[in-house]
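Geometric and topological summary
This is what each chain is made of:
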Amino acid sequence: MPTSRGTHHLPREVPHVCCKSLVGFGAVQRRGGYGIILTMGYLTETAEGVILNVRAQPRSSKAGIDGLLGDAVKVRIKCAPVDGKANKELVETLADEFGIAKSSVVFKSGETSKQKRLLLRGVSAADVERKLKGEK
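The text that follows walks through the structure, step by step, so that each part is easy to find.

What counts, and where the lines are drawn
Residues numbered from 1 in each chain as written. Predicted model: local features only at pLDDT ≥ 70, side-chain atom pairs only at ≥ 80, totals over all residues. Heavy atoms only, no water. Salt bridge = Lys/Arg side-chain N within 4 Å of Asp/Glu carboxyl O. Buried < 20%, exposed > 50% of the residue type's maximum accessible area, 1.4 Å probe, protein only. Helix = DSSP H or I, 4+ residues; strand = E, 2+ residues; numbered from the N terminus. Pairing = 2+ DSSP bridges. Core = buried A, V, L, I, M, F, W, Y, C linked by side-chain atoms within 4.5 Å.

What about the pattern of salt bridges?
According to the stated counting rule, one finds six salt bridges in the structure shown. Measuring nitrogen to oxygen at the nearest pair gives 3.8 Å for the salt bridge that ties Lys 74 to Asp 66. Residue Asp 66 is classed as partly exposed on the basis of its relative accessible area of 35%. With its nearest N and O atoms 2.4 Å apart, the salt bridge here joins Asp 127 to Arg 130. Of the two residues, Asp 127 and Arg 130 both sit in helix α2 (residues 125–133), three residues apart, roughly one turn of that helix. Under the relative-accessibility criterion, Asp 127 is labelled partly exposed at 26%. Residue Arg 130 is classed as partly exposed on the basis of its relative accessible area of 34%.

Overview of the pairing of strand β4 (residues 64–69)
Here β4 runs beside strand β5 (residues 72–76); their pairing, made up of four bridges, is antiparallel. Opposite Ile 65, over in β5, you have Val 75 as the bridge partner. The hairpin formed by β4 and β5 contains two residues between the paired strands, and Gly 70 there has a positive phi angle of roughly 70 degrees.

Considerations on the nonpolar core
Membership of the largest hydrophobic core comes to 24 residues, with the highest contact counts inside it found for Leu 43, Leu 52, Leu 90, Leu 94, Val 105, Leu 120 and Val 128. For this core, the secondary structure elements donating two or more residues are β3 (49–57), β5, α1 (85–98), β6 (105–109), β7 (115–121) and α2.

Written out as structure tokens, the structure reads:
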């Protein structure tokens, strides 16, 4: 929207594209004091770390990250979703994959659903991108 000086600006709540290297992934940066640094379809980078959208697949033959599935990261886990065992294994799997402590993986939502949002403290969007590409 034009201002009195003839320049354009974005309101605080409107996202705008940031890193050119991440544009292909749908990356946007939000302005304002919301604590959000970077948003992609499957993750949100915050000052604490990354909030990851996860699609859990219980009763799998092996555990680990299995790439993207829509706007979520597909994570295979061996346990059945009974008495929180699958959630515990999901936390362990993500902690092992990203080399962080289990206490650094925190549920934000979806503890009783296959679609979950987890905060990975100390992990960056670049770390997640490398892991999804199969790099170490």
